[in-house]
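# Notes for the structure review
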Amino acid sequence: MRAEGQAHVEKINAALALVRKFLDWDKALRRLDELNARVEDPTLWDDPKAAEEVMRERRRLDGAISTVNEISQEVADAVEFVEMGEAEDDEEVIAEGLATLAKLEERAEKDKIEALLAGEADGNDTYLEIHAGAGGTESQDWAEMLLRMYQRWAEQRGYKVSMVEYQAGDQAGIKSATLLLKGENAYGYAKTESGVHRLVRISPYDSAAKRHTSFSSVWVYPVIDDNIDIAINESDLKIDTYRASGAGGQHVNTTDSAVRITHIPSGIVVASQNDRSQHKNRAEAMSMLKARLYEEELRKREEAAMDEHASKSEIGWGSQIRSYVLQPYQMVKDLRTGVTSSAPSDVLDGALDPFMAAALSQRVTGEKVDVEDVD
């Protein structure tokens, strides 16, 4: 078969192999058989909550397994079609077969990501916090650039974006901000962005036009529902109120309606100023705290389940995950996966999906992907 067709087949097979590895294929097949048997049990719905969990797991497994099997069969059919065209020297048949393989490659990549978003909280809405690092105006301006980048990314995906907390910088930018992103798989995608982001550029605030390096941290954690019980002792909390602030005078309040909660045992700090009601802001902050504690538990579970080399490269607030270089050359590089882009302006405008997809894949393989430029 021609090189073009062979390249499509190799990429499709790589995507399907990743899904099989993620599912633990043989185990998944046995589990689906068990779930199908349970669905046939007339006593299943005696416990509606447990039944819903069974049905949810069955739909997920059945969908993923069926998709892999369907694509595998369609690839085999398309390859046979191309080879038939080549044997008969029929360019029209060959072109049709190659076009089918190209479409199957796109489908396999899309379905691969959907299969990887099968974690316990991946389908949930998410909070996304941004904190400027040391460096004053430089890092605060960088933090605001990241805030805009994530707002653009979320809007491009059709997510609803709300500003939960906002602390303006001393001269420009922000000290910190928290976004609430609502939409399908918001946490599943955004969770790969937790870590330290590094910017290298000629500073617009330096009259000598010197190159500066700035750092900002991103932390992502899922919104949790009432079905998840997180026990918090009031004695473990330090609660402060303060006057809300906002960009351009928005959401500024003249009363101490904003609420900051510090969870003393863990050191986690959350804040909300989205509402003029202190009571509502306190409730929002408590929800955020529970979400942070839940995310911490998910992180520990994932770290324990992953191979040591993968967990060390992926997990941790202090890990630098991506560099954005604007001078002396133009490049964004993900330090975990090796994926690069030579169009940082596009990335800062929200073109983050290739980086997220590669990071999700790496969580399964523990290896850097072989894609070097996403442009």
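Up top is the structure these notes are about.
Residues numbered from 1 in each chain as written. Predicted model: local features only at pLDDT ≥ 70, side-chain atom pairs only at ≥ 80, totals over all residues. Heavy atoms only, no water.

Tallying secondary structure elements over the chain gives ten helices and eleven strands in all. Within the chain, the proportion of its 375 residues that are buried is 45%. In the chain, 65% of the contacts between residues at least 6 apart in sequence involve partners at least 24 apart. Per element, the accessible surface of the chain, about 18,900 Å² overall, is 47% carbon and sulfur. (Helix = DSSP H or I, 4+ residues; strand = E, 2+ residues; numbered from the N terminus. Buried < 20%, exposed > 50% of the residue type's maximum accessible area, 1.4 Å probe, protein only. Contact = heavy atoms within 4.5 Å. Areas by Shrake-Rupley, 256 points an atom, 1.4 Å probe, with all protein chains shown as cover.)

Quick look at the sheet that holds strand 11 (residues 340–341) now. An order of 2-3-1-5-4-9-10-11 is seen for the eight strands of this open sheet, with the pairing classed as mixed. Since the sheet does not close on itself, it has two edges, and those belong to strand 2 (160–168) and strand 11, each with one partner. Its contacts with the sheet put helix 5 (residues 137–156) on strand 1 (126–132), strand 2, strand 3 (174–182), strand 4 (195–202), strand 5 (211–222) and strand 9 (320–325), and the angle it makes with strand 5 is roughly 45 degrees. (Pairing = 2+ DSSP bridges. Axes fitted to C-alpha atoms, helices over the stretch in contact; angles between N-to-C directions.)

What follows concerns the packing of aromatic side chains. Scanning the model with the defined rule gives three aromatic pairs in all. Between the aromatic rings of Tyr 127 and Tyr 221, the centroid separation amounts to 5.2 Å while the plane-to-plane angle is 35 degrees, which identifies the pairing as tilted. Taken together, the residues span a long stretch of sequence, with Tyr 127 in strand 1 and Tyr 221 in strand 5 at a distance of 94 residues. The pair formed by Tyr 127 and Tyr 221 is uniform in burial state, with each residue classed as buried. Taken together, a centroid distance of 5.7 Å and an interplanar angle of 80 degrees make the contact between Trp 153 and Tyr 159 edge-to-face. Just as Trp 153 is buried, Tyr 159 falls in that class too. Stacked on the ring of Tyr 242, the Lys or Arg Arg 260 has its end atom at 4.3 Å from the ring centre. (Phe/Tyr/Trp six-rings, centres within 6.5 Å; stacked < 30°, edge-to-face > 60°. Lys NZ or Arg CZ within 6 Å of the ring centre and 35° of its normal.)

Moving on, we come to the environment of Ser 217. Following the sequence through the fold, Ser 217 ends up in strand 5. Taking the C-alpha atoms as reference points, Ser 217 and Ile 321, separated by 104 residues in sequence, lie 9.8 Å from one another.

Further remarks concern the pattern of salt bridges. Tallied over the entire structure, the rule returns 22 salt bridges. With its nearest N and O atoms 3.5 Å apart, the salt bridge here joins Glu 129 to Arg 292. Here Glu 129, found in strand 1, pairs with Arg 292, found in helix 7 (residues 278–305); they are 163 residues apart in sequence, far enough to count as distant. Arg 292 sits in the buried class, given a relative accessible area of 11%. (Salt bridge = Lys/Arg side-chain N within 4 Å of Asp/Glu carboxyl O.)

The first and last C-alpha atoms of helix 3 (residues 48–87) sit 58 Å apart over 40 residues, in line with the 58 Å expected at 1.5 Å per residue. Just beyond helix 3, the residue with positive phi is Asp 89, at close to 55 degrees. (Expected span 1.5 Å × (residues − 1).)

Taking 1.5 Å per residue, 21 residues should reach 30 Å; helix 1 (residues 3–23) reaches 30 Å between its end C-alpha atoms and fits that length. Taken together, the buried positions of helix 1 are Gly 5, His 8, Val 9, Ile 12, Ala 15, Leu 16, Leu 18, Val 19 and Leu 23. Following helix 1 by one or two positions, Asp 24 adopts a phi angle in the positive range, close to 55 degrees.

Residue placement: Gly 338 occurs in the loop between strand 10 (331–334) and strand 11. Accessibility expressed as a relative area gives 4% for Gly 338, which makes it buried. In sequence terms Gly 338 and Ala 358 are 20 residues apart; their C-alpha atoms lie 8.8 Å from each other.

Functional significance is not addressed by these values, which are geometric in nature.
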